[in-house]
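Understanding the architecture of this molecule
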There are 2 protein chains.
Amino acid sequence: MKKNSKNLPPYRHSLAGTLLAAREAVMAPIRPMLAEAGVTEQQWRVLRVLDDSGPIDLKTLADSALLFGPSVTRILKDLVERELVIRQANPKDGRGAIVSLSASGRTLIEETATHTILQLSLYSKKFGDKRLKNLIAELRALIKAIDG
Amino acid sequence: MKKNSKNLPPYRHSLAGTLLAAREAVMAPIRPMLAEAGVTEQQWRVLRVLDDSGPIDLKTLADSALLFGPSVTRILKDLVERELVIRQANPKDGRGAIVSLSASGRTLIEETATHTILQLSLYSKKFGDKRLKNLIAELRALIKAIDG
DNA sequence: TTTTATAATTTAACATGTTAAGTATATGAC
DNA sequence: GTCATATACTTAACATGTTAAATTATAAAA
C-alpha cells in the first residue's frame, strides 16, 4: 500500500505548484521592466489597483492588490514618500485612510502599461486568446468554489 | 481614445492577478496545518520535493520547489539544523551538495500529507475532479507556451 | 596544457510574506 | 448611554522573495 505522500503528485505537477509556476512564467518577463521604471512588482500592483479603482481605503487596496495589511502599510509609506501616491484621512472612518494615485503615479502606470500590454498580447498569441480567456474564467470559478 | 492602462483589465481580473488569487485560495487553508507541524510553506515544499525525487542537488531542488537559490540556501540551513534534511557533498561536482530527507523529515511529510490530501479532495469535490485535471493541464500548456 | 566561459552555490542587501499583537475607532446589544 | 465585540490599520518579528555580486569548481575552446 502506498504511503500517504505517494498519493500526492510531484509538487511541480500539483495544483499549488502549477499555479505558482504559471504565475512565475507570466511575471518573470515583466519584473525587469518594472525595475527599470523604478518599482517592484508589489508596488506596481498597488499603483495598478489605484488606477483601476482609486481613491480607496487600505483594506480594499490590500484585497484588490492581493497583499497583506502590513505589506500595504509598508509599501504605501515608500510610495507616499516618493509622491507616487496621495494619502488622506478617511472622513467616514477615523481609523483609516483613503489612498489615490498622484499625477506622477499615473504617469508611471501609463508608461509601464505599454510594455505590459505587449507582453500579455504575446502570451495571448502563443496560447490562444479564447483559450486564455477560458483559463482565467476557470481560475475564477475555482476560487469561487474554494472560497464559497 | 482610452489610455493604455485602461486597455488592461482590473488587476484582480488579470491573468497574473487571477493566478495569484487562485494560489492563495488553494494554500491559505493549508498553511495553518503546516504551521502546526512546525514548518512554513516554503520549508514544506522543500521536504515535499525531497520526498518526490530526493536525493538531489540544490539547483534541481530549487527548480522543483519553485524557490530562488538564495532562498534554498537559507531554508536548508534551518532544515539541516533541525535534522529534517541530510546534506552531503556532491561526489560528482565539488561546487555543490546532494540533499535528502532524513527519517524525521519523512515522518513530517507523511503526517502533513494526510491533511493535504483531504484538502485537495475537498477542492476536487467542489470544483470537479475532471475539471481540475483539465485546469492543471491548461496551466501547464500555458507555461510551455510562454517559456517555449 | 592553458585560457576563457559557464555554472553551482553562497553572501549581501533590501523588499515583502506572514502571523501575532497593539491602538484607536466603529458597531451592536442591552 | 454604557459596555462588549469587531474592525481598520500599524507595529513587531521573523521567514522568504528578489537581484547582484562573490567564490569555487567545471566545461569548453584554443
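The shown structure was predicted, so the numbers you read here are calculated from the model rather than taken from an experiment. (Residues numbered from 1 in each chain as written. Chains lettered and ligands numbered in written order. Predicted model: local features only at pLDDT ≥ 70, side-chain atom pairs only at ≥ 80, totals over all residues. Heavy atoms only, no water.)

Examining the overall build of chain A
For chain A, the count of helices and strands is 7 helices and 3 strands. Beginning at the N terminus, the succession of helices and strands in chain A can be written as α-α-α-β-α-α-β-β-α-α. Taking 15 Å as the expected radius of gyration for a compact globule of 148 residues, we find that chain A reaches 19 Å, considerably beyond that expectation. C-alpha atoms of chain A, sized along the principal axes, occupy 60 × 35 × 25 Å. Sorting the 148 residues of chain A into buried and exposed places 47% on the buried side. In chain A, the proportion of contacts linking residues at least 24 apart, taken out of those at least 6 apart, comes to 48%. With an accessible surface of roughly 7700 Å², chain A has 56% of that area assigned to carbon and sulfur atoms. Computed over 23 positive and 16 negative side-chain charges, the inter-centroid distance for chain A is 10 Å. (Helix = DSSP H or I, 4+ residues; strand = E, 2+ residues; numbered from the N terminus. Rg over C-alpha atoms; globule rule 2.2 N^0.38 Å. Buried < 20%, exposed > 50% of the residue type's maximum accessible area, 1.4 Å probe, protein only. Contact = heavy atoms within 4.5 Å. Areas by Shrake-Rupley, 256 points an atom, 1.4 Å probe, with all protein chains shown as cover. Lys, Arg positive; Asp, Glu negative; His and termini not counted. Charge placed at Lys NZ, Arg CZ, Asp CG, Glu CD.)

A short note on the nonpolar core
Core analysis: the biggest nonpolar cluster contains 92 residues, and V26(A), L47(A) and L47(B) have the highest contact counts within it. Sequence-distant contacts of L47(A), defined by excluding residues within four places in its chain, comprise V39(A), L79(A), L84(A), V85(A), L101(A), L108(A) and I109(A). (Core = buried A, V, L, I, M, F, W, Y, C linked by side-chain atoms within 4.5 Å.)

Focus on the interface of chain B and chain A
With 60 residues of chain B in contact, the opposing surface of chain A contributes 61 residues. For the pairing of chain B and chain A, the buried interface totals around 5900 Å² over both sides, and the portion due to carbon and sulfur atoms is 70%. Summed over the shared surface of chain B and chain A, the number is 2 salt bridges. With a closest N to O distance of 2.7 Å, E138(A) and R131(B) form a salt bridge. Linking chain B to chain A there are 12 residue pairs in polar contact (both at pLDDT 80 or more). Taken together, the elements giving at least two residues each to the side of chain B that touches chain A come down to α1 (15-27), α3 (41-53), α4 (58-65), α6 (103-127) and α7 (129-147) of chain B. Partitioning the side of chain B that touches chain A into residue classes produces 33 nonpolar, 10 polar and 17 charged. (Buried area = accessible area lost by both parts, 1.4 Å probe. Salt bridge = Lys/Arg side-chain N within 4 Å of Asp/Glu carboxyl O. Polar contact = N/O pair within 3.5 Å; in protein donor to acceptor, adjacent residues only side chain to side chain. Nonpolar A, V, L, I, M, F, W, Y, C, P; charged D, E, K, R; others polar.)

Details of the sheet that holds strand β3 (residues 97-101) of chain A
Residues and elements named next belong to chain A. Across the sheet, which stays open at both edges, the 3 strands sit in the order β1-β3-β2 with antiparallel pairing between neighbours. Looking along the sheet, the strands with just one partner apiece sit at the ends: β1 (56-57) and β2 (85-89). For β2 and β3, the ladder comprises 5 bridges, and the chain directions are antiparallel. Considered in β3, the bridge of V85 is made with L101. Where helix α3 (residues 41-53) meets the sheet, it contacts β1, β2 and β3, and its direction lies at approximately 90° from that of β3. (Pairing = 2+ DSSP bridges. Axes fitted to C-alpha atoms, helices over the stretch in contact; angles between N-to-C directions.)

So, the protein's contact with DNA strand D
In the region of DNA strand D, 24 residues are neighbours, and T73(A), R87(A), R95(A), T40(B) and F68(B) sit closest. Of all DNA strand D atoms lying within 4 Å of any protein atom, the proportion belonging to sugar or phosphate reaches 67%. Between DNA strand D and the protein, one listed contact pairs a phosphate oxygen with a backbone N or O atom of L58(A) at 3.2 Å. Residues belonging to the surface near DNA strand D are distributed by class as follows: 7 nonpolar, 8 polar and 9 charged. (Near = heavy atom within 4 Å.)

Considering the packing of α3(A) against helix α4 (residues 58-65) of chain A
All names here are of chain A. One way to put it is that α3 packs onto α4 with a least axis distance of 9 Å and a crossing angle of 115°. As summarised for this structure, α3 and α4 are arranged roughly perpendicular, according to the angle between their axes. The chirality of how α3 crosses α4 is right-handed. Between α3 and α4, the contacting residues are R45, V46, V49 and L50 on the first element and L61, S64 and A65 on the second. In the contact of α3 with α4, the residues fall into 5 nonpolar, 1 polar and 1 charged. (Parallel < 35°, antiparallel > 145°, perpendicular 65-115°, else oblique. Left-handed = near helix turned anticlockwise from the far one by under 90°.)

Quick word on helix α6 (residues 103-127) of chain A
Residues and elements named next belong to chain A. If you check α6, its first and last C-alpha atoms are 36 Å apart, about what 25 residues at 1.5 Å a residue would give, namely 36 Å. The sharpest bend along α6 reaches about 30° and sits at A113. Listed in full, the buried residues belonging to α6 are G105, L108, I109, E110, T112, A113, T116, Q119, Y123, S124 and F127. Where α6 ends, the next residue or the one after it, G128, has phi of about 110°, a positive value. (Expected span 1.5 Å × (residues − 1). Bend = angle between axes of the 7 residues up to and from the residue.)

Thoughts on the protein's contact with DNA strand C
Taken together, 25 residues lie near DNA strand C, and T40(A), F68(A), T73(B), R87(B) and G96(B) sit nearest. With respect to DNA strand C, the side chain of R95(A) contributes an N or O atom lying 3.4 Å from a base oxygen. One of the side-chain nitrogen or oxygen atoms of D57(B) is found 3.5 Å away from a phosphate oxygen of DNA strand C. Where the surface near DNA strand C is concerned, the elements lending two or more residues are α3 and α5 (69-81) of chain A together with α4 and α5 (69-81) of chain B. Its residues placed into classes, the surface near DNA strand C shows 7 nonpolar, 8 polar and 10 charged.

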